[in-house]
Amino acid sequence: YAPITVAVVYSSHTIEHLYRQEALIFLREAFQILKPGGACRIVTADLAAIVECYLQHRAKPLEPKTRASSDLMMEMLI
């Protein structure tokens, strides 16, 4: 039988929910099925930006806040 090949592999906001070993398996399989010259596009959250936003929000005085900093961070991660 002929192996399955694809021109593009696209994943959005999935890989960050995998354990490292699972992510490596996914990436190996993705590259294995790509046609020569194919593209693999992985979209994931910018964790550094989320943490920076959390720290800035946490540093603000309590009164103007409408929600907890931890809730804001969790919303951004989801």
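Please read these numbers as outputs of a predicted model, since none were measured by experiment. (Residues numbered from 1 in each chain as written. Predicted model: local features only at pLDDT ≥ 70, side-chain atom pairs only at ≥ 80, totals over all residues. Heavy atoms only, no water.)

Draft legend 1. The packing of helix 2 (residues 47–59) against helix 3 (residues 69–77), seen in detail. Between helix 2 and helix 3, the least distance of the axes is 9 Å, while the angle of their chain directions is 160 degrees. With respect to their mutual orientation, helix 2 and helix 3 come out roughly antiparallel. Seen from above, helix 2 lies across helix 3 with right-handed handedness. Mapping the contact onto sequence places Leu-47, Ile-50, Cys-53, Tyr-54, His-57 and Arg-58 in helix 2 and Ser-69, Ser-70, Leu-72, Met-73, Met-76 and Leu-77 in helix 3. Tallied by class, the residues present in the contact of helix 2 with helix 3 amount to eight nonpolar, three polar and one charged. (Axes fitted to C-alpha atoms, helices over the stretch in contact; angles between N-to-C directions. Helix = DSSP H or I, 4+ residues; strand = E, 2+ residues; numbered from the N terminus. Parallel < 35°, antiparallel > 145°, perpendicular 65-115°, else oblique. Left-handed = near helix turned anticlockwise from the far one by under 90°. Contact = heavy atoms within 4.5 Å. Nonpolar A, V, L, I, M, F, W, Y, C, P; charged D, E, K, R; others polar.)

Draft legend 2. The pairing of strand 1 (residues 6–12), seen in detail. As defined by bridge partners, strand 1 adjoins strand 2 (residues 34–43) across six bridges and the pair is classed as parallel. By the bridge assignment, Val-9 is partnered in strand 2 with Cys-40. Where the polypeptide runs from strand 1 across helix 1 (residues 20–33) and back to strand 2, its parallel neighbour, the crossover connection is right-handed. (Pairing = 2+ DSSP bridges. Right-handed = clockwise from strand over helix to strand, strands pointing away.)

Draft legend 3. Quick look at the pattern of salt bridges. In the structure shown here, the tally under the stated rule is one salt bridge. The salt bridge involving Glu-75 is made with Arg-67; its shortest N-O contact spans 2.4 Å. (Salt bridge = Lys/Arg side-chain N within 4 Å of Asp/Glu carboxyl O.)

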